[in-house]
Structure formats: structure tokens, C-alpha cells
Amino acid sequence: MESRLVPRHSSDLLPDSLSTVLLVLPDRFEIETQLVDISSQGMKLSIPPTAVPLAIPRKAETVEVVFRASGLRVTCRCIYSSYNPDGSISMGMYVFDPGQQDRLRTLLAEIP
């Protein structure tokens, strides 16, 4: 059994206002993505298939995730990124700034 230090919230438990975020890629291209799950230390994202190929971040590259409803912006380090057979992209992100982790923890604490 996997033991986690912080609670992880599945996207089906999130309000609609938090389940969709804006991902700002290293080349400053912005794309709307869906949260798969989230904790105060990181998140898994799913990018639907796009007509235009994306320059997805590689491991250790930095991106920004913007929560539009709250205006919260967090800087994340890519842990993994991969294309799925259906053309979607899966990404794992780590929030490395302790102050941003605290702000994310506060945001997640407001979830009923």
C-alpha cells in the first residue's frame, strides 16, 4: 500500500472551478488542461488531443499552472510527460516552492 505524506484529491471530488487549469508551457504557449488529481505538493494533468502538436515539457523542465477561479499561479517542475494512445498527454508536476505549497494547501482546504 502506498503511503503519502499529504492528502491527494481526485478530480471527481473537485469543484468544476478547480478541475480545469491553464498550463503555461516553457515556450509560453498556454493550454487548458484537466486535473486528474492534486495535492499541496503536486498534480497530475491530462491534456486532451490537439490538432497542433505541442512541445510538451521534458522531465525537470519548469511550467506554470494557473487556477483561474482563484487567480493562484504555481510554478511546477515536470516529473513526467507522455503521449497516450488516444493522442492525449499525461503529465506529473511537482510544486517545489514551499510558499506556493502553502497557498495550494489553503486552496485545497476550502474544498467541501
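The structure contained in this document is the topic of the report that follows. Quantities reported herein were computed from a predicted structural model and do not represent experimental measurements.

Some words on the nonpolar core
The biggest cluster of nonpolar side chains holds 28 residues, and the ones touching the most others in it are Leu23, Met43, Leu45, Val65, Phe67 and Leu104. Looking at this core, the elements that each hand over two or more residues are strand S2 (20-24), strand S3 (30-38), strand S4 (42-47), strand S5 (62-67), strand S6 (72-83), strand S7 (89-95) and helix H2 (98-109). Beyond its immediate stretch of four places on either side in the chain, phenylalanine 67 contacts Leu18, Val21, Leu35, Ile38, Met43, Leu72, Val74, Leu104 and Leu107.

Topic: the environment of alanine 51
Take alanine 51: it is sitting in the loop between S4 and S5. Remark: the alpha-carbon pair of alanine 51 and glycine 87, spanning 36 residues in sequence, is separated by 9.6 Å.

A word on the pairing of S4
Of the pairings in the sheet, the one linking S3 to S4 comprises 4 bridges and is antiparallel in character. Paired with aspartate 37 across the strands is lysine 44, a residue of S4. Between S3 and S4, which pair antiparallel in sequence order, lie 3 residues. Two strands pair when backbone bridges link them, and S4 and S7 are joined in this way by 6 bridges, in the antiparallel orientation. Directly across from serine 46, in S7, lies its bridge partner serine 90.

Remarks on the side chain of serine 90
When you line up the elements, serine 90 lands in strand S7. Here asparagine 84 takes part through its side chain, which lies 2.9 Å from a polar atom of the side chain of serine 90. Filtering out sequence-adjacent residues up to four positions away, serine 90 remains in contact with Leu45, Tyr80, Ser81, Ser82 and Asn84.

Some remarks on the environment of threonine 106
You can see threonine 106 is positioned in helix H2. Between the C-alpha atoms of threonine 106 and valine 95, which are 11 residues apart in sequence, the distance is 14 Å.

Structural notes on unusual backbone geometry
Here the phi dihedral of arginine 28 falls at roughly 75°; this positive angle occurs in a residue that is not glycine. Looking at the element boundaries, arginine 28 is found in the loop between S2 and S3. On the basis of relative accessible area, arginine 28 is assigned to the exposed category, the value being 56%. Backbone geometry places alanine 60, a non-glycine residue, at a positive phi of 80°. Take alanine 60: it is sitting in the loop between S4 and S5.

About the thresholds
- Residues numbered from 1 in each chain as written.
- Predicted model: local features only at pLDDT ≥ 70, side-chain atom pairs only at ≥ 80, totals over all residues.
- Heavy atoms only, no water.
- Core = buried A, V, L, I, M, F, W, Y, C linked by side-chain atoms within 4.5 Å.
- Buried < 20%, exposed > 50% of the residue type's maximum accessible area, 1.4 Å probe, protein only.
- Helix = DSSP H or I, 4+ residues; strand = E, 2+ residues; numbered from the N terminus.
- Contact = heavy atoms within 4.5 Å.
- Pairing = 2+ DSSP bridges.
- Polar contact = N/O pair within 3.5 Å; in protein donor to acceptor, adjacent residues only side chain to side chain.

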